[in-house]
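# Structural overview
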Amino acid sequence: MTDVLVTPTPTLSGEIQALSSKNYTTRYLLVAALAEGTSTIYYPAHSEDSDAMRRCIRDLGAIVEEDDEKIVITGFGRNPKDVKELDVGNAGAVLRFLMAIASLCPDVTFVNRYPDSLGKRPHSDLIDALGQIGVQVTHNEGKLPITIKGGQPKGGKIQVSGAVSSQFLSALLFLTPLLAEDSEIEVLNDLKSKVVVGQTLEVLEQAGIVIHASEDLMSYRIPGGQSYDAKTYIVQGDYPGSAAILAAAAVTQSDVIVHRLAEKSKQGERAIVDVLRMMEVPLTHDNDIVHVKGNGRLKAVEFDGDQATDAVLAMVAAAVFAEGTSRFYDVENLRYKECDRITDYLNELRKAGANVEERQSEIIVHGRPEGVEGGVEINAHYDHRVIMALTIVGLRSKQPLRIRDAHHVAKSYPIYFDHLKALGANVEWVE
Ligand SMILES: O=C(O)C1=C[C@@H](OP(=O)(O)O)[C@@H](O)[C@H](O)C1
Ligand SMILES: C=C(OP(=O)(O)O)C(=O)O
């Protein structure tokens with residue numbers, strides 16, 4: 001069964017544990033693979049994207065053993081196996097990070113398994129940057145399939161654009177410490193999703209890597225010849241996925257508790273808590289526990305979405321039911337994700353009955369506190385965050401919403417519908 005029927009649900013209540021962070025899991029798996037000893041990662045995420053990183057580091061020669069609470073990894077250090085092909089599924093961050101690491105291999109091809117999703121996403125900025133240190137890349141106009149003919153890049157001066165994705169810079173930050181010579185990275189244009197780079201730097205530091213970063217995160221000096229330490233890591237709860245649960249609680253009459261959401265997290269998406277507060281949703285956040293007591297009433301909000309890129313769709317879904325007009329600005333790079341998260345997402349919201357407008361880098365929502373009509377089929381566009389967000393809207397529609405191909409939610413949150421059901425939502429897998 002691949003579709004989900006979301007039937008209007010006025011109340012939600014109960015407690016769940018946030019799932020584990022996807023972005024920290026992919027990073028810890030990678031730095032463990034780049035170490036020569038044995039590292040342990042406690043409470044790793046289990047999702048298609050984290051599985052993709054696990055599969056690829058294994059293919060590259062890491063030894064991976066796991067049980068219910070941890071993964072133990074013996075890394076390949078700076079000497080990955082001479083693998084010919086890697087399959088990253090639909091995971092953008094995994095692809096971009098491993099494109100850089102693949103330059104330590106003679107000849108690797110990244111296959112194109114999701115031509116209508118990851119297959120449409122642009123990687124030219126990273127391809128250009130790798131070219132500056134002598135890595136040869138063949139590609140399909142900057143897109144998959146991509147072949148990296150690495151050999152032995154030495155490091156040096158690299159300029160990379162940050163205007164489309166922060167993942168290109170993160171990829172270079174994982175690679176350059178392993179190169180023989182020192183490197184200098186200068187970020188050109190803007191740097192989108194800058195907060196996520198903070199997570200990369202945090203993980204690199206935990207792995208014993210030294211990076212000298214300017215305060216604005218636009219330039220870096222990276223000593224060469226470093227090695228990654230084998231360490232023990234603990235994965236924190238995931239804010240982007242939990243943002244959808246919290247937004248669902250905000251649009252219903254609710255008494256919902258989510259555990260494991262660290263107040264001091266470097267995840268930008270923790271801003272979901274502040275944004276819901278600005279929308280006057282009754283909630284508390286203490287001892288890493290968020291408690292929402294929704295009364296269904298929300299006020300419109302204006303927010304710089306680039307601070308919390310993976311939570312914007314959930315915030316917009318909440319704004320659909322707010323009093324007044326909300327504006328989410330600086331969100332152009334949502335267009336380069338699993339789908340065009342502005343045009344494609346707003347088309348689905350409109351089908352459900354929402355009153356939304358798009359600009360090149362903005363989403364505008366004219367709230368409908370009275371609810372929306374629903375009663376339509378939603379195209380998921382291969383996008384887990386579209387699926388999660390439209391589910392929120394379905395909870396407060398007049399007629400059920402059928403979400404086609406909702407199984408793609410497993411990219412980051414395979415148990416999203418189980419969690420919602422545990423809170424009392426009427427969500428069912430259907431034929
Ligand atoms: O580095 C990462 O792990 C990620 C960076 C962000 O992408 P962009 O930098 O492309 O916005 C984010 O949307 C993605 O889910 C994960
Ligand atoms: C955009 C996302 O992931 P990625 O870029 O890694 O595919 C996401 O998780 O919403």
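Residues numbered from 1 in each chain as written. Chains lettered and ligands numbered in written order. Predicted model: local features only at pLDDT ≥ 70, side-chain atom pairs only at ≥ 80, totals over all residues. Heavy atoms only, no water.

An unreviewed UniProt entry annotates the protein as 3-phosphoshikimate 1-carboxyvinyltransferase of Paenibacillus algorifonticola. The Sequence similarities (unreviewed entry) comment attached to the protein in UniProt states, word for word, "Belongs to the EPSP synthase family." (UniProt positions renumbered as here; feature names shortened; annotations may be inferred.)

## Describing the UniProt feature "domain: Enolpyruvate transferase" (unreviewed entry) in the protein
Per the UniProt record, "domain: Enolpyruvate transferase" (unreviewed entry) is found at residues 8-420. Overall, residues 8-420 shows 29% helix and 26% strand. The separation of its end C-alpha atoms is 13 Å. (Helix = DSSP H or I, 4+ residues; strand = E, 2+ residues; numbered from the N terminus.)

## Considerations on the sheet that holds strand S7 (residues 108-110)
Strand order in the open sheet formed by four strands is S6-S7-S9-S8, and the pairing between neighbours is mixed. Either end of the sheet is taken by a strand with one partner, and the two such strands are strand S6 (85-86) and strand S8 (136-140). One ladder, built from four bridges, connects S8 with strand S9 (residues 143-149); its direction is antiparallel. Within the sheet, the bridge partner assigned to Asn 140 lies in S9 and is Lys 143. (Pairing = 2+ DSSP bridges.)

## Topic: the sheet that holds strand S4 (residues 63-66)
On the basis of which strands lie adjacent, the open sheet formed by four strands has the order S4-S5-S3-S14 and mixed pairing. The open sheet terminates on both sides in strands that have one partner only, identified here as S4 and strand S14 (232-234). Strand-to-strand, the axes of this sheet are offset by a mean angle of 15 degrees, without reference to chain direction. Summarising the sheet, strand S3 (residues 38-42) and S14 pair through three bridges and their orientation is parallel. By the bridge assignment for S14, Ile 41 is matched with Tyr 233. Helix-sheet contacts for helix H2 (residues 48-59) involve S4 and strand S5 (70-74), and the interaxial angle to S4 is about 140 degrees. (Axes fitted to C-alpha atoms, helices over the stretch in contact; angles between N-to-C directions. Contact = heavy atoms within 4.5 Å.)

## Looking at the packing of aromatic side chains
In total, this model carries eight aromatic pairs according to the counting rule given. With 5.9 Å between their ring centres and 35 degrees between their planes, Tyr 24 and Tyr 28 make a pair best called tilted. In this pair, Tyr 24 and Tyr 28 are both assigned in helix H1 (residues 22-33), four residues apart and thus about one turn of the helix distant. Of the two residues, Tyr 24 and Tyr 28, neither departs from the other in class, the shared state being buried. With a centroid separation of 6.0 Å and an interplanar angle of 50 degrees, the aromatic rings of Tyr 42 and Tyr 43 are classed as tilted. By relative accessible area, which is 40% here, Tyr 43 ends up partly exposed. Grouped by ring-pair contacts, the aromatic residues Tyr 413, Tyr 416, Phe 417 and Trp 429 constitute a single cluster. (Phe/Tyr/Trp six-rings, centres within 6.5 Å; stacked < 30°, edge-to-face > 60°. Buried < 20%, exposed > 50% of the residue type's maximum accessible area, 1.4 Å probe, protein only.)

## Side note on the UniProt feature "binding site: phosphoenolpyruvate" (unreviewed entry) in the protein
Here, UniProt's "binding site: phosphoenolpyruvate" (unreviewed entry) annotation points to Lys 22, Gly 92, Arg 121, Gln 167, Arg 341, Arg 385 and Lys 411. Relative to the assigned elements, Gly 92 resides in helix H3 (residues 92-101). In this fold, Arg 121 is placed in the loop between S7 and helix H4 (124-132). By relative accessible area, which is 5% here, Arg 121 ends up buried. In this structure, Arg 121 is in contact with Asn 90, Gly 92, Arg 96, Gly 142, Lys 143, Tyr 336, Lys 337 and Glu 338, ignoring residues within four places of it in sequence.

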